[in-house]
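Coordinates in review
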Amino acid sequence: MRVIHYFSILFLSTMLAGKAWCCACGCDVLEMGNVSMFPSGAGGLLYVDYAYQNQNTDYSGDSRAPAENNNDKKIQTQFITLGLQYMFSASWGIRAEIPHAFRNFSTTGGAGGSDPVSVNWNDIGDLRIEGIYSGFAPDMSTGITFGFKLPSGDYSHNDAYGDVDRDTQIGTGSTDLLFGAYHVQRLTSDNLWSCFMQAHLDLPVLEQEGYWPGTEIDTATGIQYNGLAIGKLKIKPLAQIIGSYRTSDSGPNAANPVASGFERVLLSPGLEFDLHPVMLHAAAEFTAYDYVRGSQLVAPVFFKLGLSVAF
C-alpha cells in the first residue's frame, strides 16, 4: 500500500509539471536533487555543481518559431555552484548555495539598432539560504525546506548600447521566498530500488528598479537502482521526470512581459558514482515538452556534473 500511495503522489506531482528555459525566463539553472542529496542523518555535505545550457532555438507556444521573430539569437551559460548542507540533528539542518555564471549573449542592437551584438561576462549569482526540517518520520524520509534567495547577483551588466535586458542578467535583483518538500521511498525490502519526489516554490517578494521576475514552481520524481558495484565503488543509475511552471515577468523594467513565462517537462537520465565519502553525479535533461509565452529562446538539453564530499 505504501508503494501505491507513493505513485499516486508521483502522478499528481507530474501533473504540476511544465517549464522551458528561454530568453526572458530561463537564465537561471534548475537545481533538483537526487536520493543521495536528501538528508539521511546528522552531518554535512560539501558540493560543487557544473551545469551548461545553450538557448539557441526559437519557440512560440509549443512549437518552433521563425528566428526573425526574436531579436535575441543565443544565450549560452555555464554555471558553477558551490553548496554546503549541514544537518545539526536528525531533524534540523541548513543549506546554502552560491552560483557563478559565465554568459555569452548574442542579439541584435548596437549603434544601428539592428547590428549583430555579442556580449560576454561572468559574475556571482543570487545566494540561496534554506532551513531543512526532516523530522516527520523516524527514517528522515520526508522533509521540507524554507528560506530566501538574496539579490547578491549582478543585475546591471551592460554594453555601451544597453543591449542586455533585465531578463538576461545573471542576477534577478529580487528577494525571493523559497519553499520546498520532498519524500524518499524504498520500493523493495532489499533497498535495491528507491524513488523520490520533490517540489520547490520560488516566490519573489521584493524587487529592485521596476523588475519583477515570474513566480516559479519546480517538481521532480525519480527512481534509482542501488545494486551495482565495482569493489567499494557503488554505481547508481537514476531516471527523473522534471516539471516546471513560471509566470510572466512584470514591472515597468520587464523587457517583454508578453514574451516571458513558460512550462516544461524534462526527462533526465543520470549516473551516480559513490565511493564514500565522495560522490560524483552526471546527468542530462532532455526536453519532452515546452510551452512558452510569446517568442523565446529555448535549449534542447541541460548538462550537469556534480561532485560532493560528506563529512
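Residues numbered from 1 in each chain as written. Predicted model: local features only at pLDDT ≥ 70, side-chain atom pairs only at ≥ 80, totals over all residues. Heavy atoms only, no water.

Re the environment of F311
Residue position: F311 is located in the segment after β16 (301–310). Put simply, F311 and L46 are 265 residues apart on the chain and 7.9 Å apart in space, counted from C-alpha to C-alpha. Look past the residues within four positions of F311 in its chain and what remains in contact with it is G43, G44, L45, L46, L84 and Y86. (Helix = DSSP H or I, 4+ residues; strand = E, 2+ residues; numbered from the N terminus. Contact = heavy atoms within 4.5 Å.)

Remarks on the packing of aromatic side chains
Under the defined criterion, the tally for this structure stands at eight aromatic pairs. The interplanar angle of 50° and the centroid separation of 4.7 Å between the aromatic rings of W92 and Y133 together place this pair among those described as tilted. With a gap of 41 residues between them, W92 in strand β5 (residues 92–109) and Y133 in strand β7 (residues 127–133) connect regions that are remote in the sequence. Here the aromatic cluster, defined as three or more aromatic residues joined through ring pairs, consists of W92, Y133, F136 and F146. Seen from the ring of F302, K304 lies directly overhead, with NZ or CZ sitting 5.8 Å from the centre. (Phe/Tyr/Trp six-rings, centres within 6.5 Å; stacked < 30°, edge-to-face > 60°. Lys NZ or Arg CZ within 6 Å of the ring centre and 35° of its normal.)

What about the nonpolar core?
Residues A51, I75, F79, A101, F105, V117, V119, W121, V164, I170 and L297 constitute the largest nonpolar core, which totals 11 residues. Of all the secondary structure elements, the ones that give two or more residues to this core are β4 (74–87), β5 and β6 (115–124). At three residues, β6 tops the list of elements feeding residues into this core. Apart from residues lying up to four places away in sequence, A101 is in contact with T77, Q78, F79, W121, N122, D123 and I170. Formed by eight residues, the second largest nonpolar core is a distinct cluster that contains M140, Y182, V184 and F196. (Core = buried A, V, L, I, M, F, W, Y, C linked by side-chain atoms within 4.5 Å. Buried < 20%, exposed > 50% of the residue type's maximum accessible area, 1.4 Å probe, protein only.)

Digging into the pairing of β6
Of the strand pairs in this sheet, β5 and β6 are connected by 10 bridges, and their pairing is antiparallel. By the bridge assignment for β6, G109 is matched with D115. Linkage of β5 to β6, two consecutive antiparallel strands, is achieved through a turn of five residues, within which G110 is found at a positive phi near 70°. (Pairing = 2+ DSSP bridges.)

A look at unusual backbone geometry
Cis geometry marks the peptide bond from H276 to P277, where omega comes out at 15°. Of note in the backbone geometry, M140 takes a positive phi value of approximately 60° without being a glycine. Within the secondary structure layout, M140 lies in the loop between β7 and β8 (142–150). Positioned with a positive phi, E209 is a non-glycine residue whose angle comes to about 55°. By the secondary structure assignment, E209 is in the loop between β10 (193–206) and β11 (216–225).

A short note on the environment of V278
Among the secondary structure elements, V278 is positioned in strand β15 (residues 278–298). As a C-alpha pair, V278 and S308 span 30 residues in sequence and 5.8 Å in three-dimensional space. When near neighbours in sequence (up to four residues on either side) are disregarded, V278 contacts F273, L307, S308 and V309.

With respect to the environment of A67
By the secondary structure assignment, A67 is in the loop between β3 (63–64) and β4. Of the residues examined, A67 reaches a relative accessible area of 36% and is grouped as partly exposed. Taking the C-alpha atoms as reference, A67 lies 9.1 Å from L297; in sequence the two are 230 residues apart. Among residues more than four places away in sequence, those in contact with A67 are D58 and K73.

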